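Notes for the structure review
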Amino acid sequence: MTPWLDRTGQHPAGAPVTHALVIGVSSYTHLPTPQAQPTDDLLDFGLVAATTPATGAFHFARWLRDRYRPKAPLATIRLLLSPSDSELDDAELAAAAAEVPRARRSAVREALLDWHRACVGRPDGAAVLYISGHGASRSKTDHSVLLEDFAADERVMDYSVDVGKVHRGMAGPAMPQDQIYFVDACRIRPDAFGSYRNLGDGLGLIEEWDGQDQRAAPIYFSAAPGGVALGEPGRGTVFSQALLRCLEGSAVDDFADEQGRFQITATSLHKALEQQVAMLAGELGERQDVVVGGQLREMVLHHFEQPPTLPVTIGLQPASATTLALADLWDSQHEAAVLRQRRFERNPMSWTVPVGLYSLDVTIRPETPPLRSRCGLPIMVTPRLPHPQVVRLA
Amino acid sequence: MSATLGEASRVRITTGSVMLPVEVRNHQLRLVDRGVSGLALQLAPGTYVVSAPLPDGRQVARAVQVHAAADQTVDLGAELDALVWTARHPSDLAVPAPGGEPGTVPPERALQFLRLRSLDKAVADQSPVVEEVRRWSGGRSVLVRVPDRGVYFARITRAGQTPLHVALPAGGGDACLLTVEEHAGAPRVAAVPAHERVRYVSEYLAGGDAGHAALLLAGGEAGAAHDTTAGPVGAAVAAYVRLRLGRLDAEPTGTEDLAVRADWFPDGAVVAGEELAMRGDHDRAAAWFLEAGDRGLPVFTDGFSILVARLRQYQANQRIRGRLAPAQVARIRMLSARLERWSPFVDLGALTLTVTAPELVQPVESREIPLRPEPEQHAIPIAPLIRRLARAANDAVHDRPAPVSSEWASSEAGLRCVHREAGPDQVEIIIEWTRPVAEPSAVHVRVTTAGTTVEYLVILTLEASGRWAGDLLIRGAGESVATVVLGLRATASLEADDVEAVRRSVNVTARAGRNAWRAVARARPHGDPVRQAIVTALQH
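How each quantity is defined
- Residue positions are given per chain, counted from 1 along the sequence in the order it is written.
- All chains are assigned letters beginning at A, and all ligands numbers beginning at 1, according to the order in which they are written.
- It should be noted that, the model being predicted, local features are given only for residues of pLDDT at least 70 and side-chain atom pairs only at 80 or more, the latter also being counted only at that level, while totals for whole chains, interfaces and linings use all residues.
- The side-chain figures draw on all heavy atoms in the structure; neither hydrogens nor water molecules are used.
- Any pair of residues with heavy atoms lying within 4.5 Å of one another is described as a contacting pair.
- When two parts are brought into contact, each loses some accessible area as probed by a 1.4 Å sphere; the total of that loss over both is the buried area.
- In what follows, salt bridge is the name for a side-chain nitrogen of Lys or Arg lying within 4 Å of a carboxyl oxygen of Asp or Glu.
- We define a polar contact as two N or O atoms separated by no more than 3.5 Å, with the added condition that, inside protein, one atom must be a possible hydrogen donor and the other a possible acceptor, whereas residues neighbouring each other in sequence contribute only through side-chain atom pairs.
- A helix here means a DSSP run of H or I that spans at least four residues, while a strand means a run of E at least two residues long, and both kinds are numbered starting from the N terminus.
- Only strands that DSSP links by at least two bridges are regarded as paired with each other.
- Simply put, an axis is a line fit to the C-alpha atoms, just over the touching stretch for a helix, and the angle between two N-to-C directions goes from 0 to 180 degrees.
- Nonpolar cores were defined as sets of buried Ala, Val, Leu, Ile, Met, Phe, Trp, Tyr and Cys residues, with membership established by side-chain atoms within 4.5 Å.
- Three labels apply to residues, based on accessible area from a 1.4 Å probe with only protein chains included: buried if under 20% of the type maximum, exposed if over 50%, partly exposed otherwise in between.
- Aromatic rings from Phe, Tyr and Trp, taking only the six-membered ring of Trp, are treated as a pair when their centres fall within 6.5 Å; an angle between ring planes under 30 degrees marks them as stacked, one over 60 as edge-to-face, and anything in between as tilted.
- Confidence of the predictor in every single residue is expressed as pLDDT, which spans 0 to 100.
- Roughly parallel means an angle under 35 degrees; roughly antiparallel means over 145; roughly perpendicular covers 65 to 115; every other angle is labelled oblique.
- Crossing handedness: left-handed means the near helix sits turned counterclockwise from the far one by under a right angle, and right-handed means the same turn made clockwise.
- Charged means Asp, Glu, Lys or Arg here, nonpolar means Ala, Val, Leu, Ile, Met, Phe, Trp, Tyr, Cys or Pro, and polar covers whatever is left, Gly included.

**Here's the deal with the interface of chain B and chain A**
Listed per partner, the contact involves 66 residues of chain B and 57 residues of chain A. Buried surface at the junction of chain B and chain A, both sides included, amounts to about 5000 Å², of which 50% is carbon and sulfur. It is L29, R312 and L348 of chain B in chain B that bury the most area against chain A; as a group they hold 14% of the surface buried on that side. Taken together, chain B and chain A are joined by 7 salt bridges. Residues R319 of chain B and D210 of chain A are paired through a salt bridge, measuring 3.8 Å at the closest nitrogen-oxygen approach. One can count 20 residue pairs in polar contact (both at pLDDT 80 or more) joining chain B with chain A. When contributions to the side of chain B that touches chain A are tallied by element, the ones reaching two or more residues are β2 (21–25), β3 (31–36), β5 (46–53), β6 (59–66), β14 (175–183), α8 (301–316), α9 (318–323) and α10 (326–340) of chain B. With 9 residues, the single largest contributor to the side of chain B that touches chain A is α8 of chain B.

In structure tokens form, the structure reads like this:
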């Protein structure tokens, strides 16, 4: 299979690299259209075609291509898309979909084996799998995601990917010891799946390794009993939107590494993903959770060349100081100014600055006792801190 | 630490009265050190960020200025107190107050306890004791003590909704905390061990933060893993944290001892098996996984997930399968198939096993009833009594206001159900079965009134109209009654396990129904427990 992105020539032979496999399934040939009602055919699991998974998968693949900075540089992205008609209104997605195979069983099988072969013998490298579509979860590791030709015949589950089999098939000392899996799948109706889950076997990899599994290989997936993964046409699923927000900065860890770089780790991603998914689902009036399965050893997923930017929110007390106060934000050593003479247009007031530790001066002008200026206040800009940080001026 | 002895200051970090993980970063936000509350370290002069991450993903932090040779204590207690510290699922819950008497809580919900006898059987059990109901942070938590050694579930029901079953992380005298969140009218319940250290470790584990859970386990004067008051549940939590992080110590960690000591506890067998599996000793691991299935469902979701995943692996991996005995492979296949029937109904994000299904041990089958649509749609709420009183007060036309009644009928389902007021705080439930009945039968119903949910058997009698019907007279109905029809049972199929249901059903059966129960008793042999239960109830 020809990868959608192939940079293997840019890296020395044998150098640790990252190989990614991204699959997004919105269109289902043998299911009713998204606007139609489910059929009475029990083998359809009460499903209709979807409208958002392929968008999310493409956006993730695009982020990998354009922004991803792992420890082992990106070498390939294998991409398979089965977009819905409405998703093809996105010109960029339509162009990509025209270049890559549809997410049907035979093509996905070939892609899985190809991806596995590329990863063998690269223990210092990394592997990424992102798969999105209709699906079901048996455990925190075992998930089935249905492919475009699902229900082509009575052995319906033959037309699915068994993520648990893939996860176990990627174990062993010859495989990348840093792996990451994203499963963005809405859950099939429990009673239907409970009755018919044995109809066929999902695609996977040969499970050969039986020794100690030393990988860091987390699996991030959406979970809600009996719930569907939410999505917004044109913007992708809630999970994919949240994931992109996390990767753009909100999942940055609280620490810089030895080189002073900020990074996203497996744990910081989980915490941020939970919050972002909850927030986006809440905006739709729904609830959706994120759970992590697989092997949770700590790993660095991505590092930022520059510290990501986050909002810093400063609140003034008493509120009467709002119109009189000017803010100067300095680096922690009070040597370089980041913000100068900023008025508080509202209280509290937010500015966007790079992650870090700062020193804040708040000047009351004109002097208005009992309000008093404050200098050298330490201000933290890191994720997961409660907002606002309050400055008392009287 | 990066300080000369002459300049450095000793900084001690505390977090009020709670033990939490703490971290220290320098002005470049590089990690200087991490540990648990009480951590003391030597720091060079400068600005540092001292923080404590919370289980819900937030953190409290303070920038601290360290001056040369100036020891200090940094207490983040004030920042913690300012936060609303929420558990994963805080909520309101209708429960019996301590002592078992109904509490002053909304009657829409009911709490029962079930004991899991095996993967096939769960029975109502009154032995768990509600010791305290506490309101905190806008929600409520319930302290439940489980005196017996066994696997227990809390069953939370609400009229017209699928029940929620939550495994209790307690047993053999331990206690646990239940909190419930209300979301879109449906309950989400979380359960954590009540032992303080184990509780916090569990909260971090539930939030996917195994790293900080491990810090808490290792820190302090005595880590939770070695705290003998933590019990088998605490030991299992510690094991799950270690297993999540893939930490295998050079020496065995005592998980097999736990599995042997707590021979009622499925999770003990799961963690023993998982540790062996991670070391590559799949033969022994398989034995423990099968033992876990014999003990019942794991209490922790991680345990359920590990069991399902490993059993699938052992069926698919030829190398491993080849080392197991054929009988073991067959048992693995059966147990795997059995457990996967729960998978679609399990909340994989919950700490303890949480199953949304009408019946805990038959999640698939209990959804397959002979009536359509789904049983929850048969719930017929009666107009609240308070509305009846309000209407009567304004009704000057009638000498006596007509009793409130509601009716639901479906020709497709072959059912007609009526709720009718039958006196102060009493409701008559009438069931008509419009399809032919080939043998003496009873309609299995679940009735939810103020604070309780009870199942009854409504014995059917043939009326002059040619229809089969039965009725119950429910006392203490409170403001609302909801009935769910679960199916039709031939009375010949009643067994010893049905004795309690038969007894209470006869007690509330009126008129012709009591004669029908007499006929059922006469048709059963002497000494039969169902016959005896009917006879005893008819005498009262």
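**Digging into the environment of S222 of chain A**
Residue and element names in this part refer to chain A. By the secondary structure assignment, S222 is in strand β8 (residues 217–223). In the structure, S222 is positioned 39 residues away from V183 in sequence and 7.2 Å away in space, judged by C-alpha atoms. Apart from residues no more than four positions distant in its own chain, S222 is found in contact with V183, D184, F239, Q288 and D289. A polar contact of 3.3 Å, which involves the side chain of S222, links it to the side chain of Q288.

**A word on the sheet that holds strand β24 (residues 482–490) of chain B**
All names here are of chain B. Strand order in this open sheet of 3 strands is β21-β20-β24, and the pairing throughout is antiparallel. Each having just a single partner strand, β21 (452–459) and β24 make up the two edges of the open sheet. Averaged over neighbouring strand pairs, the angle between their axes works out to 20 degrees when direction is ignored. Here strand β20 (residues 441–449) pairs with β24 via 8 bridges, running antiparallel. Bridging across to β24, T448 finds its partner in A482.

**As for the nonpolar core**
Counting residues in each nonpolar core, the largest one holds 137 residues, and the members touching the most others are W115 and F150 of chain A. Here this core takes 8 residues from helix α4 (residues 231–244) of chain B, the largest share from any one element. Ignoring any residue separated from it by four or fewer positions in sequence, one finds F150 of chain A in contact with Y28, H30, L31, L43, D44, F45, L47, V156, M157 and Y159 of chain A. Core analysis: the next-biggest nonpolar cluster, separate from the first, contains 84 residues, A61, F304, I314 and A327 of chain A among them.

**Focus: the packing of aromatic side chains**
Describing an aromatic ring pair means giving the distance of the ring centres and the angle of the ring planes. All names here are of chain A. Scanning the entire structure with this criterion turns up 12 aromatic pairs over all chains. Ring plane angle 65 degrees and centroid distance 6.2 Å describe the contact between W4 and F58, whose orientation is recorded as edge-to-face. Highlighted residues: W4 in the segment before β1 (5–6) and F58 in helix α1 (residues 53–67), separated in sequence by 54 residues. For the pair formed by W4 and F58, the shared burial category is buried. Both rings, one in Y130 and one in F182, keep their centres 6.2 Å apart while their planes meet at 45 degrees; by these two values the pair is tilted. Of this pair, Y130 sits in strand β4 (residues 126–137) while F182 sits in strand β7 (residues 178–187), and the two are 52 residues apart along the sequence. Classification of Y130 by relative accessible area gives buried; the value is 0%. In this structure F182 comes out as buried when scored by relative accessible area, which is 2%.

**Observations regarding the pattern of salt bridges**
It is possible for side chains of opposite charge to pair when their charged atoms get near one another. Per the stated rule, a full pass over the model turns up 47 salt bridges over all chains. The closest approach of N and O atoms between D210 of chain A and R323 of chain B, which form a salt bridge, is 2.9 Å. Here D210 of chain A, found in the loop between α5 (190–196) and β8, pairs with R323 of chain B, found in helix α9, and the two come from separate chains. Taking relative accessible area as the criterion, R323 of chain B reaches 37% and is therefore assigned partly exposed. Here R284 of chain B ties to E256 of chain B by a salt bridge, and the two come within 2.4 Å at their closest N and O atoms. Placement of the pair is R284 of chain B in helix α7 (residues 282–295) and E256 of chain B in helix α5 (residues 255–261), with a sequence separation of 28 residues.

**Focus on the confidence of the model for chain B**
Residue and element names in this part refer to chain B. In the predicted model, chain B carries a mean pLDDT of 79, and 78% of its residues have values of at least 70. This stretch, residues 221–226, has a pLDDT under 50; its non-local contacts, to residues over four places away or in other chains, come to 8 contacts. Segment residues 368–401 is flagged for pLDDT under 50; beyond a separation of four residues in sequence, or across chains, it makes 62 contacts in the model. Predicted complex metrics record ipTM = 0.89 and pTM = 0.78.

**A short note on the side chain of R338 of chain B**
Residue and element names in this part refer to chain B. In this structure, R338 sits in helix α10. Within polar-contact distance, the side chain of R338 engages the backbone oxygen of L119 at 2.7 Å. Side chain to side chain, R338 and D120 meet in a polar contact 2.9 Å long. Look past the residues within four positions of R338 in its chain and what remains in contact with it is L119, D120 and V361.

**Observations regarding the sheet that holds strand β17 (residues 349–354) of chain A**
Residues and elements named next belong to chain A. Pairing is mixed in the open sheet, where 3 strands are placed in the order β17-β14-β20. Looking at the sheet topology across the chains shown, the edges are occupied by β17 and β20 (389–392). Put simply, the sheet's adjacent strands are angled 35 degrees from each other on average, direction ignored. Across 6 bridges, strand β14 (residues 309–317) lies against β17 in antiparallel orientation.

**Topic: the packing of helix α3 (residues 210–218) of chain B against α4 of chain B**
Two measures define how a pair of helices packs: the angle their axes make with one another and the distance between the axes. Residue and element names in this part refer to chain B. Relative to each other, α3 and α4 sit at 130 degrees, their axes nearing to 9 Å. Here α3 lies oblique to α4, going by the angle between them. Considering the relative orientation of α3 and α4, their crossing is left-handed. Residues A210, A213, A214 and L217 of α3 touch α4, and the partners they reach there are A238, V241 and R244. Partitioning the contact of α3 with α4 into residue classes produces 6 nonpolar, no polar and 1 charged.

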